[in-house]
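# Residue-level structure breakdown
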Amino acid sequence: MPASNIPTLKLPGGEIVPRLGQGTWRMGESPRLRDAEVAALKLGLDLGMALIDTAEMYGDGEAERIVAEAIEGRRDEVFIVSKVLPQNASRAGTIAACERSLKRLDTDRLDLYLLHWRGRYPLKETLAGFQVLVRDGSIRAWGVSNFDVDDMEELAALPGGDAVATNQVLYNLARRGIEADLIPWCRARAIPIMAYSPVEQGRILRDSTLARVAKRHGATPAQVALAWLLRQEDMMVIPKATNAAHVRENRAALDLSLSPADLAELDGAFPAPRGARPLEML
């Protein structure tokens, strides 16, 4: 990928990834929005947000097709993440699902392939599928999504399980449960977190404290919520945007630096967990 002023991190396998990317959840569900969704992703790439997260589940595959259209002629600029559904995550099913995603994305490889959440297949089967895909060059790295500490420990105990590149989980100001146990567990093993739904699907943006902090900085509440996550250097964040203004708003969050007083005020409105909680997911 070309150099940009987007901060990056290094995955355990050495892959360099932009820390601010683009999500595609709920894209591909409305034909009338397709052109706007493609244009938003293209603009995000122009602004350096070259990490694009998608999944076979999103729009029943249509989100992947939208990504394919957005990255046409620019594949080498992009770090593509997709996910296999748990019902497809047997060894053979994982390989077949990846092949379908590659076809929809019109590419010969995924940069990162995730198990979307736990299902009925043993982790060793999914892992075996991932290992074949890595060996064959269909994926560069693999990871998981919606895994709690006990899931991560089970995975790490498998032969080759320590090659997990990331855990994509729900994390934002209103969903801080992972700070008590999952984040420390992953940090101890240098496994970065990828935060989805960073503005809680817009629900936290009406909070008065968030608005007050944003006003002090001449920013928007969404930018404050993103900056709060991005201040953590081992965190990837994947907000979704479907119009140019929203894309630019997300990118500008990188220019916002929150003060200790800002962080303390946000902690008061969105308290950190006092102990471990079950993993939340959407």
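The text that follows walks through the structure, step by step, so that each part is easy to find.

For helix α3 (residues 91–105), with 15 residues, the first-to-last C-alpha span of 21 Å sits near the 21 Å given by 1.5 Å per residue. Among all positions of α3, only G93, T94, I95, A97, C98, S101, L102, R104 and L105 are buried. Elements that come into contact with the buried residues of α3 comprise α2 (62–70), β5 (79–84), β6 (112–115) and α4 (123–136).

Scanning the model with the defined rule gives three aromatic pairs in all. Relative to F130, the ring of Y113 lies with its centre 5.8 Å away and its plane at 75 degrees, an arrangement referred to as edge-to-face. Of the two residues, Y113 is situated in strand β6 and F130 in helix α4; the sequence distance between them amounts to 17 residues. The exposure classification of Y113 matches that of F130, with both residues buried. Ring geometry for Y171 against W228: centres 5.6 Å apart, planes inclined by 55 degrees, an arrangement best described as tilted. Of this pair, Y171 sits in the loop between β8 (167–170) and α6 (182–188) while W228 sits in helix α8 (residues 221–230), and the two are 57 residues apart along the sequence.

Attention now goes to the pattern of salt bridges. For the structure shown, the criterion picks out 26 salt bridges. The closest approach of N and O atoms between D76 and R109, which form a salt bridge, is 2.9 Å. Residue D76 is located in the loop between α2 and β5, and its partner R109 is located in the loop between α3 and β6; the two are separated by 33 residues in the primary sequence. In this structure D76 comes out as exposed when scored by relative accessible area, which is 60%. Exposure remark for R109: the relative accessible area of 22% places this residue in the partly exposed category. Note that R135 and D136 form a salt bridge whose closest N and O atoms lie 2.9 Å from each other. One network of salt bridges, with partners in common, ties together R34, E62, R65 and E69.

To continue, consider the sheet that holds strand β7 (residues 142–145). Taken in spatial order, the eight strands line up as β3-β4-β5-β6-β7-β8-β9-β10 in an open sheet, and their pairing is parallel. Here the strands that pair on one side only, and so sit at the sheet edges, are β3 (22–23) and β10 (235–237). Looking at chain direction, β6 and β7 are connected through three bridges and run parallel. Paired with L114 across the bridge in β7 is G143.

This part covers the nonpolar core. In this structure, Y113 and M152 are the most contacted members of the largest nonpolar core, which totals 77 residues. At eight residues, the largest contribution of residues to this core is made by α8. In contact with Y113, other than residues within four places in its own chain, are S82, K83, V84, T94, A97, C98, F130, L133, I139, A141, W142 and G143. Counting 15 residues, the second-largest nonpolar core is a separate cluster that includes V81, A141, M194 and I238.

On to the environment of K215, then. Note that K215 resides in helix α7 (residues 208–217). Assessed through its relative accessible area of 71%, K215 is described here as exposed. Considered as a pair, K215 and L173 are 42 residues apart in the sequence and their alpha carbons are 18 Å apart.

A few words now on the packing of α7 against helix α10 (residues 260–269). Viewed as axis vectors pointing N to C, α7 and α10 meet at an angle of 165 degrees, and their least axial separation amounts to 9 Å. Here α10 runs roughly antiparallel to α7, going by the angle between their axes. As α7 runs across α10, the sense of the crossing is left-handed. The segment α7 lies against α10, with T209, L210, R212, V213, R216 and H217 engaging D262, E265, L266 and A269.

Let us look at the environment of A89. With respect to the element layout, A89 can be found in the loop between β5 and α3. When neighbours within four sequence positions are excluded, A89 is seen to be in contact with V84, T94, L115, Y121, E125 and T126.

Another point: the pairing of strand β9 (residues 193–196). Every second residue of β9 is oriented toward a common face, with I193 and A195 on one face and M194 and Y196 on the other, all of them buried. Across four bridges, β8 lies against β9 in parallel orientation. Pairing of Q168 across the sheet is with M194, part of β9. Between the parallel elements β8 and β9, the chain passes through α6 in a crossover that is right-handed. Alignment of β9 against β10, held across three bridges, turns out to be parallel. Residue A195 lies in a different strand from β10, and its bridge partner there is V237.

Definitions and cut-offs
Residues numbered from 1 in each chain as written. Predicted model: local features only at pLDDT ≥ 70, side-chain atom pairs only at ≥ 80, totals over all residues. Heavy atoms only, no water. Helix = DSSP H or I, 4+ residues; strand = E, 2+ residues; numbered from the N terminus. Expected span 1.5 Å × (residues − 1). Buried < 20%, exposed > 50% of the residue type's maximum accessible area, 1.4 Å probe, protein only. Contact = heavy atoms within 4.5 Å. Phe/Tyr/Trp six-rings, centres within 6.5 Å; stacked < 30°, edge-to-face > 60°. Salt bridge = Lys/Arg side-chain N within 4 Å of Asp/Glu carboxyl O. Pairing = 2+ DSSP bridges. Core = buried A, V, L, I, M, F, W, Y, C linked by side-chain atoms within 4.5 Å. Axes fitted to C-alpha atoms, helices over the stretch in contact; angles between N-to-C directions. Parallel < 35°, antiparallel > 145°, perpendicular 65-115°, else oblique. Left-handed = near helix turned anticlockwise from the far one by under 90°. Right-handed = clockwise from strand over helix to strand, strands pointing away.

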